[in-house]
Amino acid sequence: MLSQSFFYSMVKPAHFTVHAVVTSSDLQFDRTEVDFGFCSIHRLVKSSVRLTNLSLLPQDFGFLGVPEFIELQPDDGFGTLLPQETLEIDLMFSANKAKEYHFQLSCKSGINRDFPLSCRAVGVCPPLQLSHSLVQFGATAVGDRSTAVLYLTNLQTNHNQSMQPVPPVVKDAVAPVAPRLFSFILPEDSDISITPSAGGLLPGERCLVQVTFRPRLSDQDIKEEALRLLQRAKSLREKELERNRHAEHESSKASDGRNSDQLTESPSPADIQPRSEQYEEARASLLYAFTQRYRECTVPCFVSDGGPEDDRRAQLAWSPVNTLFLKLQCPAVQPPLVLASNKGKNVVDFHQLAVGEQVIKRVTVQNISREALDLRSSVLDVHGPFSLLNALRCIRPGEKHTLVLAFCPSLEKKYCEILEVCSQKMTLEMTLCGEGVVPAVTSSHPGGLLDVGYVLEKESTSHVLKLQNSSAVAVGFRVLLASLSPSRPQGGADSVAFLLRTYTDSQVQPTVGTQNHSGLSVFSVVPAEGSIAPGQSLDVAVTFQPDHPSVNYSDRLTIELMNKSKVCVVDLKGAASSHNMYLFGGDLLSVPIESLLPPLITSQPHLTAESELMEKPTNPVLVTLRAGYSAGVFTPAVRELQVGCIRSPQSIKESGEFHWDNVASLQQLGFSVEPSKGTVEMGHRCTITVTWSPHSGYKPYEVVQTCLPLTLKGNETIVYRVTLMALVSTAAD
């Protein structure tokens, strides 16, 4: 056994080589102080520093004891730096008071070393304050709108001094007692509108600000879609031509080639005009394919450093310190309800329309969502010209509904109103506009009496009234006859005033006189209503067609427009005879109101032919002549009678004759008639003048009377028993 000493003698030392690198543990900032400058208490100001690990070893770091008004990113100021790595750290400062800030940030390494970073800032309270700096709109359909209400307040209440630190560069420009001017600057081509966008606030004042988000499709997107649709249509046509080219004869190839060359010409976006058919088709295509869109924007509100100076041309001072910022989050979604008519336009233009008339237009909406929509509408002005004539209902996905809109202006002015078609998910707005124009229509007849003359019973005659429209719009009219009016006085009330008058005035005539026994109207009008184009004229034919003899036919014709204004009022008068020869004139012997019952026929004994000729009745006519007397001088009395011959296709003769009997006996009493006989052509009248001159032996207040027959010969012979009654009156006309 070996001894222990033996082992000790075999021990040898082991040599090790130790290699080590001593490195620094420093963390280094790229600057020793951060100056945030002047910071609004309503804004967050960001500044960045670079932190570098100078060690050859990784080092953990973290910012401890960070004040509440500062925030660090990334990872809230904690992390690990690899050897020689540099990290950019964002320092976000948000002042909570208007004061000066001096503070120090401490960055502690993993071996508990501190690396300080000095910071300073000046918190500034802007003179104006927004009630909200962030607006989150709900999902809004394209074509709809969402509205948020904010308040902009001038916080200054002390008119003598400002209670906040003021930058030296703008201290001299501050005028606390003057109003602060503000202005919101919106991005170009924005879906946002702000009302009011600019204004001024005195100290302590508050202003309501309305922010509206109205998502829409951009003009550039619509034009690009229009080009895409045109290219697709062109490609389809080219394929169709290619198929036709293979199927046709060789002689048609050249023609097809030319057509193909023409199709290769592609329009540019500038060629797509807004409101054109291609533009509206592209807009509809984008709406149907739209899914969703999210956008954010920040709107600055610039606030002046002071109020306006006396010199309006002076430039106001605007400091970035006072600028407010409004952040908007705007999500847009596909509209569930779209316009399927009017090329997708939400403007319904009724154009010009005559006052009092009505025009109707139809607008169709379609549900393109996957849910049923319960439609309802806003209330239009009950005193306005626009009205919705049909009710709205629930429409299922893919269904359409047509709105019937009417425009009826009452004044000469331009009208505009908004109609809202509401559903549970959106509100579709339509602008209704139109213009009322006062119509200018004249008639060829000025109004008053229109005597159509004599016709044979059961025949007719017509008279034409020409209506001229001088307006710039079409004008509707209607023709009213008093005999057909439902408001015509009943029970002969229209005749009471006439019955109380004297019978000596032969021109007196009720508004509605004798009517046909058949019940048909004596006077008829064609057309009874209609429309006259701008600058055009229209003929209105008035027809007189009696069914029995009478001289008391009359009616009143009124032509009025749709606004109740009257173009003309014409009193119609006519007479009918059973013979083609007639006598007109003399005194009125009966009232001009006749019963609709036929004349009562009494039984008579049988007459022989000779006695029938002798007993043939005559037509009585009374002619009263009043001679004047003044200063011992008599003024002869003169009256006129008219003998006429009716133009008729049934007349055998083209003229008629008349003659007076016993004319010689008239001269002894002072009467004379001229002519005593004559011939009347068909459709003409002959005037007979009856004159009475008192003879030398005339006694005062004596009435001279005589009777003589007047015979008219036409298709038949008619005898009138004319009574001439004469007297002298000092009141004679």
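Because the structure is predicted, anything quoted here is derived from the model rather than measured.

About the thresholds
Residues numbered from 1 in each chain as written. Predicted model: local features only at pLDDT ≥ 70, side-chain atom pairs only at ≥ 80, totals over all residues. Heavy atoms only, no water. Helix = DSSP H or I, 4+ residues; strand = E, 2+ residues; numbered from the N terminus. Buried < 20%, exposed > 50% of the residue type's maximum accessible area, 1.4 Å probe, protein only. Pairing = 2+ DSSP bridges. Axes fitted to C-alpha atoms, helices over the stretch in contact; angles between N-to-C directions. Polar contact = N/O pair within 3.5 Å; in protein donor to acceptor, adjacent residues only side chain to side chain. Contact = heavy atoms within 4.5 Å. Salt bridge = Lys/Arg side-chain N within 4 Å of Asp/Glu carboxyl O. Core = buried A, V, L, I, M, F, W, Y, C linked by side-chain atoms within 4.5 Å. Patch = residues over 30% accessible without salt bridge, like charges linked within 9 Å, V, L, I, M, F, W, Y side chains within 5 Å. Areas by Shrake-Rupley, 256 points an atom, 1.4 Å probe, with all protein chains shown as cover. Phe/Tyr/Trp six-rings, centres within 6.5 Å; stacked < 30°, edge-to-face > 60°. Lys NZ or Arg CZ within 6 Å of the ring centre and 35° of its normal. Expected span 1.5 Å × (residues − 1). Arc of directions from axis to C-beta. Disulfide = S-S within 2.5 Å. Parallel < 35°, antiparallel > 145°, perpendicular 65-115°, else oblique. Nonpolar A, V, L, I, M, F, W, Y, C, P; charged D, E, K, R; others polar.

A. Main features of the overall build of the protein. When you go through the protein residue by residue, the secondary structure sums to 7 helices and 48 strands. In the protein, which comprises 733 residues, the proportion classed as buried is 39%.

B. Spatial organisation of the sheet that holds strand E39 (residues 581–584). Here we have 4 strands laid out as an open sheet, ordered E39-E42-E46-E44, and antiparallel in their pairing. The sheet is open, and its two borders are formed by E39 and strand E44 (671–674), each paired with just one other strand. Across the sheet, the mean angle from the axis of one strand to that of its neighbour is 20 degrees, orientation sign disregarded. Relative to strand E46 (residues 685–692), strand E42 (residues 637–645) is paired through 8 bridges, and the arrangement is antiparallel. Residue Val638 lies in a different strand from E46, and its bridge partner there is Thr691.

C. Molecular detail of the side chain of Asp587. Relative to the assigned elements, Asp587 resides in the loop between E39 and helix H6 (609–614). At a separation of 2.5 Å, a polar atom in the side chain of Asp587 contacts the side chain of Thr624. Beyond its immediate stretch of four places on either side in the chain, Asp587 contacts Leu622, Val623, Thr624 and Arg639.

D. Fine view of the pattern of salt bridges. All told, the structure shown has 23 salt bridges when counted by the stated rule. The residue Arg120 makes a salt bridge to Glu33 at a minimum N-O spacing of 4.0 Å. Taken as a pair, Arg120 in strand E9 (residues 114–124) and Glu33 in strand E2 (residues 33–40) lie far apart in primary sequence, 87 residues in all. Across the salt bridge formed by Arg228 and Glu225, the nearest N and O atoms sit 2.6 Å from each other. Of the two residues, Arg228 and Glu225 both sit in helix H2 (residues 219–247), 3 residues apart, roughly one turn of that helix. Residue classification places Arg228 among the partly exposed positions, given a relative accessible area of 41%. Note on Glu225: relative accessible area 10%, which makes it buried. Each of Asp189, Asp191, Arg216, Arg293 and Arg295 takes part in salt bridges that share partners, so that together they form one network.

E. Quick look at the nonpolar core. Counting 39 residues, the largest nonpolar core has Phe137, Ile192, Val211 and Leu328 as its most contacted members. When residues in this core are grouped by element, the largest group, 5 residues, is from strand E19 (residues 324–333). If you look at the next biggest cluster of nonpolar residues, it comprises 32 residues, including Leu641, Val643, Cys686 and Ile688.

F. Quick peek at a nonpolar patch on the surface. A surface patch of nonpolar side chains, amounting to about 260 Å² of accessible area, comprises Ile185, Phe302 and Trp318. For Ile185, the location among the structural elements is in the loop between strand E14 (180–184) and strand E15 (192–195).

G. Highlighting the packing of aromatic side chains. Using the criterion set out here, one finds 18 aromatic pairs in the structure. Measuring from ring centre to ring centre gives 5.1 Å for Phe69 and Phe103, while their planes differ by 70 degrees; the resulting arrangement is edge-to-face. Taken together, the residues Phe69 in the loop between strand E4 (59–64) and strand E5 (70–73) and Phe103 in strand E8 (residues 100–109) connect sequence positions 34 residues apart. What makes Phe69 buried here is its relative accessible area of 16%. For the pair Phe407 and Tyr415, a centre-to-centre distance of 6.1 Å together with 70 degrees between the ring planes defines the contact as edge-to-face. Each member of the pair, Phe407 together with Tyr415, is buried. An aromatic cluster is defined as three or more aromatic residues linked by ring pairs; in this entry it consists of Phe36, Phe69, Phe93, Tyr101 and Phe103. Taking NZ or CZ as reference, Arg206 lies 3.9 Å from the ring centre of Tyr151, over its face. Over the aromatic face of Phe584 sits the side chain of Arg685, whose NZ or CZ is 5.3 Å from the ring centroid.

H. The arrangement of the sheet that holds strand E20 (residues 337–339) in detail. With antiparallel pairing, 4 strands are arranged side by side in an open sheet as E20-E22-E27-E25. Only two strands of the sheet have a single neighbouring strand rather than two, namely E20 and strand E25 (386–388). Taken over all neighbouring pairs, the strand axes of this sheet differ in orientation by 30 degrees on average, direction set aside. The pairing of E25 with strand E27 (residues 400–407) spans 3 bridges and is antiparallel. By the bridge assignment for E27, Leu388 is matched with Leu405.

I. Structural detail: the environment of Val643. Checked against the element boundaries, Val643 lands in strand E42. Linking Val643 and Gly656, residues 13 residues apart in sequence, is a C-alpha distance of 9.5 Å. Sequence-distant contacts of Val643, defined by excluding residues within four places in its chain, comprise Met581, Tyr582, Leu583, Phe658, Val680, His684, Arg685, Cys686, Ile688 and Leu712.

J. Examining the side chain of Asn367 more closely. Tracing the backbone shows Asn367 in strand E22 (residues 359–367). A distance of 3.2 Å separates the side chain of Asn367 from the backbone oxygen of Ile395, its partner in a polar contact. Here Asn367 is in contact with Pro336, Leu337, Ala372, Leu373, Ile395, Arg396, Pro397, Gly398 and Glu399, once residues within four sequence places are set aside.

K. Examining helix H4 (residues 277–289) more closely. A rise of 1.5 Å per residue sets the reference length of H4, with its 13 residues, at 18 Å; its end C-alpha atoms lie 18 Å apart and thus fit the reference within 8%. Three or more residues of H4 are buried, namely Tyr279, Glu280, Ala282, Leu286 and Leu287. Viewed along the axis of H4, the buried residues span an arc of 160 degrees, placing them on a single side of the element. In this fold, the buried residues of H4 make contact with H2 and E20.

L. Quick peek at the state of the cysteines. The final tally for this structure, using the stated rule, is 0 disulfides. Take Cys330: it sits in no disulfide, and the sulfur closest to it among the cysteines is that of Cys297, at 4.9 Å. We classify Cys330 as buried; its relative accessible area is 6%.

M. Examining the environment of Tyr553 more closely. Positionally, Tyr553 belongs in strand E37 (residues 550–561). Given a relative accessible area of 0%, Tyr553 falls into the buried group.

N. Region of interest: the packing of H2 against H4. Two elements in contact, H2 and H4, have axes separated by 8 Å at closest approach and are oriented at 100 degrees. Taken together, the axis directions place H2 and H4 in an arrangement best described as roughly perpendicular. Between H2 and H4, the residues in contact are Asp219, Asp221, Ile222, Lys223, Glu225, Ala226, Arg228, Leu229 and Leu230 and Gln278, Tyr279, Glu281, Ala282, Arg283, Ser285 and Leu286, respectively. Considering only residue class, the contact of H2 with H4 consists of 7 nonpolar, 2 polar and 7 charged.

Don't take any of this as a statement about function, it's just geometry.
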